[in-house]
Amino acid sequence: MAPVSTKTSFIPRPARALGFNSAIERFAWMAGSLLVLGLFWHVLAVVLQNRYLPTPLAVFDIMLREAKNGDLWKHTSATLMRVAIAFIFSMFIGTAIGLALGKYKTADKFFDAWLTLFLNLPALVTITLCYIWFGLTDVAAILAVALNKIPNVAVNMREGARSLSKDLAEMAVMYKFGNWKTLRHVTLPQLAPFFAAAARSGLSLVWKIVLVVEAFGRSNGVGYRLAIAFQEFDVGTILAYALAFILIVQIIEFAVLQPLQTRMNAWRR
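Residues numbered from 1 in each chain as written. Predicted model: local features only at pLDDT ≥ 70, side-chain atom pairs only at ≥ 80, totals over all residues. Heavy atoms only, no water.

Enquirer: Lay out helix 6 (residues 138-162) with the relevant residues and their values.
Expert: Here helix 6 contains 25 residues, and its C-alpha end-to-end distance of 36 Å stays within 8% of the 36 Å for a straight helix at 1.5 Å per residue. Along helix 6, the sharpest kink reaches roughly 30°, centred on Lys-149 and followed within four residues by the proline Pro-151. (Helix = DSSP H or I, 4+ residues; strand = E, 2+ residues; numbered from the N terminus. Expected span 1.5 Å × (residues − 1). Bend = angle between axes of the 7 residues up to and from the residue.)

Enquirer: Talk me through the layout of surface pockets; I want residue IDs and the actual numbers.
Expert: Its volume calculated, the largest pocket comes out at about 670 Å³. Lining the largest pocket are 18 residues, with Leu-34, Gly-38, Trp-41, Leu-243 and Leu-247 sitting closest to its centre. When contributions to the lining of the largest pocket are tallied by element, the ones reaching two or more residues are helix 1 (15-48), helix 2 (56-68) and helix 10 (235-264). The dominant element in the lining of the largest pocket, judged by the number of residues it contributes, is helix 1, at eight residues. Its residues placed into classes, the lining of the largest pocket shows 16 nonpolar, two polar and no charged. (1 Å grid on protein atoms, 1.4 Å probe; cavity = no way out; pocket = protein on both sides within 12 Å on 5 of 7 lines; lining within 4 Å. Points joined across faces, edges and corners; volume = space filled by probe spheres on them. Nonpolar A, V, L, I, M, F, W, Y, C, P; charged D, E, K, R; others polar.)

Enquirer: Tell me what's going on with the environment of Asp-138, and back it up with residues and numbers.
Expert: Here Asp-138 is to be found in helix 6. A relative accessible area of 27% places Asp-138 in the partly exposed class. Expressed as a C-alpha distance, the spacing of Asp-138 and Arg-218, which sit 80 residues apart in the sequence, is 7.7 Å. For Asp-138, the side chain forms a polar contact with the side chain of Arg-82, separated by 2.7 Å. A polar atom in the side chain of Asp-138 sits 3.1 Å from the side chain of Arg-218. (Buried < 20%, exposed > 50% of the residue type's maximum accessible area, 1.4 Å probe, protein only. Polar contact = N/O pair within 3.5 Å; in protein donor to acceptor, adjacent residues only side chain to side chain.)

Enquirer: Requested: an account of the confidence of the model for the chain, with residues and values cited.
Expert: Do not read the fine detail of predicted coordinates wherever pLDDT is low. Per-residue confidence for the chain gives a mean pLDDT of 82; residues scoring 70 or more make up 84%. Ranking the elements of the chain by mean pLDDT puts helix 7 (residues 166-174) last, at 72, and helix 5 (residues 123-134) first, at 92. Contacts for the low-pLDDT stretch residues 4-18, under 50 throughout, to residues beyond four places or in other chains number two contacts. (pLDDT = per-residue confidence, 0-100. Contact = heavy atoms within 4.5 Å.)

Enquirer: So what's going on with the side chain of Ser-90? Which residues, and what values?
Expert: Counting through the fold element by element, Ser-90 comes out in helix 3 (residues 71-103). Within polar-contact distance, the side chain of Ser-90 engages the backbone oxygen of Ala-86 at 2.9 Å. Separated by 3.0 Å, the side chain of Ser-90 and the backbone oxygen of Phe-87 make a polar contact.

Shown next as structure tokens:
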């Protein structure tokens, strides 16, 4: 009788397939959870029969109406433009400040109190002051949003700069990487997860503040449209615009930011 081999063959499943299956499973759970929430909302609206709580179908009809007459695209595009500019500006400035504070201990000690102050400064105060100082303009609106986000980015990137490995830096010097090669292959990969975390949290914070800014002093945008609907007690329009913009932000989150974060963390074991 031939000897029985004790070796077992193992064929690893491709990492990409595992990632794809995980994404599909997560999407299925999310879709099922939102479906249950929608059914609960519908039942509650039908039972209460209150004009201040329209059914999901009624809200969807309002969304379609606003899309057909062009108002939905007009206001969402204006808001997205402000979100994009404020987001890019705050990420650039906040990253520069955070890296400087993480690298230079004296500067960190001196400016730490400033950072704490701006972190705890209410967004409403910043918005009001920017409108008073610079007028009811887009520049004032975007500046108010960026000023609220920059401290958060700075804190994240400061922690990233503090966590840079000295061993890897010494290895780069020993192997004579040079400044550019060290930055590309040693420094940036270590900072990437902190940058991605700041970007994801930044998007969720920026668009919320933009809506407040628009409600206070702009003549277009989702925030402006919500303010008008509030004055008319039009709950259906409020929910329609809110859900439409949330959907857009979620698409950006799942299609851009999450894959970017996954790619940035790919080097970690």
